[in-house]
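Residue-level structural notes
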Amino acid sequence: MNASEPRGRPTAEQIERTLVGMPARYTREQVSAEAGVSRELAERIWRALGFAQLADDTVAFSDADVAALRRVRGMLDGGLLDEQTVIRMARALGQTTARLAQWQAEIVIGTMLPDPPADADLTGVLDTAKALLPDFEHLLIHVWRAQLAAAGTRLLAVADDRAERVPGRVSIAVGFADLVSFTRRSRELDERGLAALVEGFESRAADVVAAHGARLVKTLGDEVLFTAPAPAQAAAIALDLAESLELRIGMAYGPVVPMMGDVFGTTVNLAARLTAIARPGTIVVDSELAEGLGEGAEGVSVHKIRRRPARGLGVVQPYVLRRSTS
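So, here's what we can say about the structure. (Residues numbered from 1 in each chain as written. Predicted model: local features only at pLDDT ≥ 70, side-chain atom pairs only at ≥ 80, totals over all residues. Heavy atoms only, no water.)

1. What about the pairing of strand E2 (residues 215–219)?
- Of the pairings in the sheet, the one linking E2 to strand E3 (residues 223–228) comprises four bridges and is antiparallel in character. Counterpart to Arg215 in the pairing with E3 is Thr227.
- The turn joining E2 and E3, which pair antiparallel and follow one another in sequence, is formed by three residues; a positive phi near 80° is taken by Gly221. (Pairing = 2+ DSSP bridges. Helix = DSSP H or I, 4+ residues; strand = E, 2+ residues; numbered from the N terminus.)

As structure tokens, then:
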């Protein structure tokens, strides 16, 4: 197309060519043969990454896909990873990058496009994405390495508890923060207002959790789940969040099972039940976290309240966490 000719709405092929950078040349069978891996393994990796199953004669794979599969073959041949681990890593990569890509696309499109958009506006978004791609790619690798280092540091922080841990588990603090009156407020807001409310809540939660060296595990619209290596960190996060947002917060300390970036187990369930017990604007913790803070915990105090039934967990002894006034 001549540069002076008008450009219409971008096609799926144009978007893929602009962002992926290499044309599709291979079918499913051809890409696995070129890379020297079995077709079954190539298909398992493709599915784990979150992509749709394609017909045998569909030309959908590029030289970049061949190079990626060759790297996988190298890791397998060198004994660095086995096939099961490769599939698990592919699933983690696919799920994380799919959410990241969707989120980034929504931000760029929401910022640049008028309502309703014209074809020229859509083309402008694609041009901007192409210009930003090299910088975003370098930034992504840098942030990933930094986050990997942070994850390793968090694991080391709980390693000293190894003798007391259940095998395969780590003992950490788990917290849920629930936005008060979300249902009522969501009915009062239009779509943009609701999106701004949720994004503001998630942004504030992410900032506070990160500032204290902890991890935001996931967001659930009106609720966030975070973990911290130590009770003191969890307490500081909860208190800072409660000062800036109207929340219910429940926290527990104990063994969890980390899996696929999430956490599971009785400690997580207990933190969720304590969130349901908490009144608006309060922080409720279990006895393990209260004991972990100790009597001399700087800047905080815990107060025993009456025992409560917690669904599926029996009767529990909750404590209210407050910032110390002394």
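2. What about the layout of surface pockets?
- If you add up the space inside the second largest pocket, you get close to 580 Å³.
- Looking at the second largest pocket, it is lined by 15 residues, and the ones nearest its centre are Glu106, Ile107, Gly110, Ala195 and Glu199.
- Of all the secondary structure elements, the ones that give two or more residues to the lining of the second largest pocket are helix H5 (83–112) and helix H8 (191–211).
- The leading source of residues in the lining of the second largest pocket is H8, at seven residues. (1 Å grid on protein atoms, 1.4 Å probe; cavity = no way out; pocket = protein on both sides within 12 Å on 5 of 7 lines; lining within 4 Å. Points joined across faces, edges and corners; volume = space filled by probe spheres on them.)

3. A look at the nonpolar core
- Ranked by size, the top nonpolar core spans 31 residues in total, and within it Ile237, Leu241, Ile249, Met251, Ile283, Val285 and Leu321 carry the most contacts.
- Counting residues per element, the ones that place at least two in this core are strand E1 (170–179), H8, E3, helix H9 (231–244), strand E4 (247–259), strand E6 (283–285), helix H11 (287–293) and strand E10 (319–323).
- Each residue touching Leu321, except ones within four places of it in the same chain, is listed here: Ala235, Leu239, Met251, Ile283, Val285, Leu293, Val300, Ser301 and Val302. (Core = buried A, V, L, I, M, F, W, Y, C linked by side-chain atoms within 4.5 Å. Buried < 20%, exposed > 50% of the residue type's maximum accessible area, 1.4 Å probe, protein only. Contact = heavy atoms within 4.5 Å.)

4. Some words on unusual backbone geometry
- Even without a glycine there, the phi angle at Ser181 is positive, about 60°.
- Relative to the helices and strands, Ser181 is located in the loop between E1 and helix H7 (182–188).
- For Ser181, a relative accessible area of 30% corresponds to the partly exposed category.

5. Some words on the packing of aromatic side chains
- In the structure shown here, the tally under the stated rule is two aromatic pairs.
- Judged by centre distance (4.7 Å) and plane angle (65°), the rings of Trp46 and Phe61 are edge-to-face. Taken as a pair, Trp46 in helix H3 (residues 39–48) and Phe61 in the loop between H3 and helix H4 (63–77) lie far apart in primary sequence, 15 residues in all. This pair shows no difference in class: Trp46 is buried, exactly as Phe61 is.
- Here the aromatic residues Trp46, Phe51 and Phe61 are joined through ring pairs into a cluster of three or more. (Phe/Tyr/Trp six-rings, centres within 6.5 Å; stacked < 30°, edge-to-face > 60°.)

6. Side note on the environment of Lys304
- Structurally, the position occupied by Lys304 is in strand E7 (residues 300–304).
- Sequence-wise, Lys304 and Ala214 are 90 residues apart; in three dimensions their C-alpha atoms are separated by 26 Å.
- With residues near it in sequence (within four places) discarded, Lys304 still touches Gln317, Pro318 and Tyr319.

7. With respect to the pattern of salt bridges
- Applying the stated rule across the entire model yields 13 salt bridges.
- As a salt-bridge pair, Arg323 and Asp240 come within 3.1 Å of each other at their nearest N and O atoms. Of this pair, Arg323 sits in strand E10 while Asp240 sits in helix H9; the two residues are 83 residues apart in sequence, bridging distant segments of the chain.
- Owing to a relative accessible area of 37%, Arg323 belongs among the partly exposed residues under this scheme.
- If you follow the salt bridges from partner to partner, you end up with Arg28, Glu29, Arg39, Glu43 and Asp56 in one network. (Salt bridge = Lys/Arg side-chain N within 4 Å of Asp/Glu carboxyl O.)

8. Some details on the packing of H3 against H5
- Two elements in contact, H3 and H5, have axes separated by 7 Å at closest approach and are oriented at 30°. On the basis of their axis angle, the class for H3 and H5 is roughly parallel. Residues Leu41, Arg44, Ile45 and Ala48 of H3 touch H5, and the partners they reach there are Glu83, Val86, Ile87, Ala90 and Arg91.
- Looking at side-chain class alone, the contact of H3 with H5 contains six nonpolar, no polar and three charged residues. (Axes fitted to C-alpha atoms, helices over the stretch in contact; angles between N-to-C directions. Parallel < 35°, antiparallel > 145°, perpendicular 65-115°, else oblique. Nonpolar A, V, L, I, M, F, W, Y, C, P; charged D, E, K, R; others polar.)

9. Quick notes on the side chain of Thr227
- Tracing the sequence through the fold places Thr227 in strand E3.
- Thr227 sits in the buried class, given a relative accessible area of 7%.
- Apart from residues lying up to four places away in sequence, Thr227 is in contact with Ile172, Ala173, Val174, Ala214, Arg215, Val217 and Val263.

10. Quick notes on the side chain of Ser32
- Position of Ser32 relative to the elements: it lies in helix H2 (residues 28–35).
- Excluding residues within four positions of it along the chain, Ser32 makes contact with Val37, Ser38, Arg39 and Ala42.

11. A few points about the environment of Val86
- Mapping Val86 onto the fold places it in helix H5.
- Along the chain, Val86 and Val72 lie 14 residues apart, while their C-alpha atoms are 7.6 Å from each other.

12. What to know about helix H10 (residues 266–277)
- A rise of 1.5 Å per residue sets the reference length of H10, with its twelve residues, at 16 Å; its end C-alpha atoms lie 16 Å apart and thus fit the reference within 8%.
- Looking only at H10, the buried set comprises Thr267, Val268, Leu270, Ala271, Leu274, Thr275 and Ile277. (Expected span 1.5 Å × (residues − 1).)

13. A few points about the packing of H3 against H4
- Orientation of H3 relative to H4, taken along the N-to-C sense of each, is 110°, at an axis distance of 12 Å. Considering the angle they form, H3 stands roughly perpendicular to H4. Along its contact with H3, which presents Leu41, Ala42, Ile45 and Trp46, the element H4 presents Asp65, Leu69, Val72 and Leu76.

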